[in-house]
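One letter stands for each residue in the lines below.
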Amino acid sequence: MSNQPKILVAGGAGYIGSHTAVELINAGYEVIAADNYSNSESQVFEGIKEITGVEVIHEQVDFAVASEVEAFFEKYNDLSGIIHFAASKAVGESVENPLLYYRNNLLSLILIMEQMIKYDILNLVFSSSCTVYGQPDELPVTEQAPIQPAESPYGNTKQISEEIMRDTLKANPQLKGIALRYFNPIGAHESALIGELPTGVPANLVPFVTQTAIGLRDKLKVFGDDYNTPDGSCIRDYIHVVDLAKAHVIAVSRLVENKNNDAYEVFNLGTGTGTSVLEVIQTFEKVSGQKLNYEIVGRREGDIEQVWADTRYANDVLGWKSQLTLEDALRSAWKWEQKIRS
Ligand code: WQD
């Protein structure tokens with residue numbers, strides 16, 4: 001029986017969840033992972049074991065199904081905290097199937113917070129997104145920027161989830177929570193033993209880049225070069241997934257060790273640097289040593305023009321700052337793509 005503090009990683013087989021599980025173990029936590037495997041595979045735990053030497057306890061749970069959630073917490077409730085990643089995250093899919101997103105993303109949070117109250121599990125770190133800002137009026141965007149009407153049901157579920165969290169924490173002062181607003185997570189663990197496993201055709205830029213480079217896709221479509229940016233393509237804040245994972249360890253430790261200033265805190269997790277789509281392509285070609293086949297096409301519905309994070313609050317209050325570069329992230333993404341296709 002380990003006396004390490006136990007953390008539930010809901011969505012622990014997923015891209016960010018699995019990388020966070022590694023960093024939690026490295027920091028001395030015991031990880032309980034739970035996932036419904038709708039967008040992940042349980043083989044990821046073999047990779048985590050190879051990296052950390054630890055066999056992570058993992059259960060199949062659909063956090064949007066009350067009976068499964070209740071059964072899980074009946075078995076595992078001596079938890080120091082929960083990091084909740086378990087949600088659907090494809091913007092385009094959310095437009096086609098909004099009810100799936102409202103059900104999955106909102107009900108999972110509600111069911112988890114109900115169990116926190118029931119079992120006195122006091123600490124919650126929630127996976128939010130910079131999508132809540134829409135197209136900010138000012139850049140870089142701070143946590144105080146106005147929340148704009150969501151551009152997609154996915155983005156709306158993040159906005160509503162933050163409100164559910166805020167109101168529930170206010171009504172239950174024994175609980176504490178942190179919402180982390182991610183910018184664009186990319187890359188993979190340096191070992192290439194875990195990484196992003198997009199199912200089907202990737203919606204996100206970097207997996208599409210690496211799949212094109214390895215020959216799985218014929219060419220990358222660049223969605224527009226007529227934006228009001230230096231090279232005309234959209235700008236985003238691409239953050240290495242390992243930096244993102246380390247921020248989650250700091251956030252949950254902040255709550256477990258009662259270092260939080262308020263019951264509900266929100267932090268941007270980005271690098272503070274904006275990078276255009278064409279710059280990502282140029283950087284990828286540099287790190288991979290090969291030309292990428294791409295074509296400029298029309299804009300993608302719902303895309304905002306440019307966004308990158310003001311990271312001062314997370315730097316100063318969490319004591320966290322991204323360490324890895326865009327080159328590190330793209331090099332690791334390419335190494336991972338080559339590994340899984342070998
Ligand atoms: C980035 C840029 C595209 C694909 C979304 C969610 C966000 C988060 C990350 C979950 C844009 C361009 C993309 C392609 C392209 N989701 N692009 N060709 O839309 O910034 O953010 O994913 O955590 O919450 O909103 O990410 O990678 O889809 O797009 O030109 O084949 O790359 O137009 O400018 P996005 P993305």
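Rules and cut-offs
- Residues numbered from 1 in each chain as written.
- Predicted model: local features only at pLDDT ≥ 70, side-chain atom pairs only at ≥ 80, totals over all residues.
- Heavy atoms only, no water.
- Buried < 20%, exposed > 50% of the residue type's maximum accessible area, 1.4 Å probe, protein only.
- Helix = DSSP H or I, 4+ residues; strand = E, 2+ residues; numbered from the N terminus.
- Pairing = 2+ DSSP bridges.
- Polar contact = N/O pair within 3.5 Å; in protein donor to acceptor, adjacent residues only side chain to side chain.
- Salt bridge = Lys/Arg side-chain N within 4 Å of Asp/Glu carboxyl O.
- Near = heavy atom within 4 Å.
- Areas by Shrake-Rupley, 256 points an atom, 1.4 Å probe, with all protein chains shown as cover.
- Nonpolar A, V, L, I, M, F, W, Y, C, P; charged D, E, K, R; others polar.
- Core = buried A, V, L, I, M, F, W, Y, C linked by side-chain atoms within 4.5 Å.
- Contact = heavy atoms within 4.5 Å.

Chemist: Could you give an account of the pairing of strand 5 (residues 123–129), with specific residues and numbers?
Modeler: Taking burial as the measure, the seven residues of strand 5 include seven buried ones, the bulk of the element. Of the two faces of strand 5, the one holding Asn123, Val125, Ser127 and Ser129 and the one holding Leu124, Phe126 and Ser128 are both buried throughout. The sheet contact formed by strand 4 (residues 81–84) and strand 5 spans three bridges and is parallel. Bridge pairing links Ile83 to Val125 in strand 5. Pairing between strand 5 and strand 6 (residues 176–182): seven bridges, direction parallel.

Chemist: Explain the environment of Thr52 to me, and be specific about the residues and the numbers.
Modeler: Among the structural elements, Thr52 can be located in helix 2 (residues 44–52). Once the C-alpha coordinates of Thr52 and Ile25 are considered, the two residues, 27 residues apart in sequence, prove to be 7.1 Å apart. A polar contact of 3.0 Å, which involves the side chain of Thr52, links it to the backbone nitrogen of Val54.

Chemist: Can you tell me about the pattern of salt bridges, naming the residues and giving the values?
Modeler: In total, this model carries 18 salt bridges according to the counting rule given. The residue Lys291 makes a salt bridge to Glu285 at a minimum N-O spacing of 3.6 Å. Take Lys291: its relative accessible area is 68%, and that puts it in the exposed class. What makes Glu285 buried here is its relative accessible area of 15%. Where Glu327 meets Lys286, a salt bridge forms, and the shortest distance between an N and an O atom there is 2.5 Å. A residue pair is termed long-range when its members are at least 10 positions apart, and Glu327 in helix 11 (residues 326–340) and Lys286 in helix 9 (residues 277–288) qualify at 41 residues.

Chemist: Describe the site of the ligand, with residues and values.
Modeler: Around the ligand lies a shell of 19 residues, among which Thr131, Leu205, Lys221, Arg236 and Asp303 are the nearest. At 2.9 Å, a side-chain N or O of Asn204 approaches an oxygen atom of the ligand. Notes on the ligand: free accessible area 690 Å², of which the protein chains cover 91%. Here the shell around the ligand takes four residues from strand 8 (residues 220–223), the largest share from any one element. Considering only residue class, the shell around the ligand consists of 10 nonpolar, four polar and five charged.

Chemist: Provide a residue-level description of the nonpolar core, including the pertinent values.
Modeler: Among the nonpolar cores identified, the biggest contains 38 residues, and Leu24, Val31, Phe45, Ile48, Leu180 and Leu269 are the most heavily contacted of them. Among the elements of the structure, strand 1 (6–10), helix 1 (15–26), strand 2 (30–35), helix 2, strand 6, helix 8 (241–256), strand 11 (264–269) and helix 10 (312–318) are those that each provide at least two residues to this core. In terms of residue count, helix 8 provides more of this core than any other element does, eight residues in total. In contact with Ile48, not counting residues within four places along its chain, are Ser18, Ala21, Val22, Ile25, Gly53, Val54, Val56 and Ile194.

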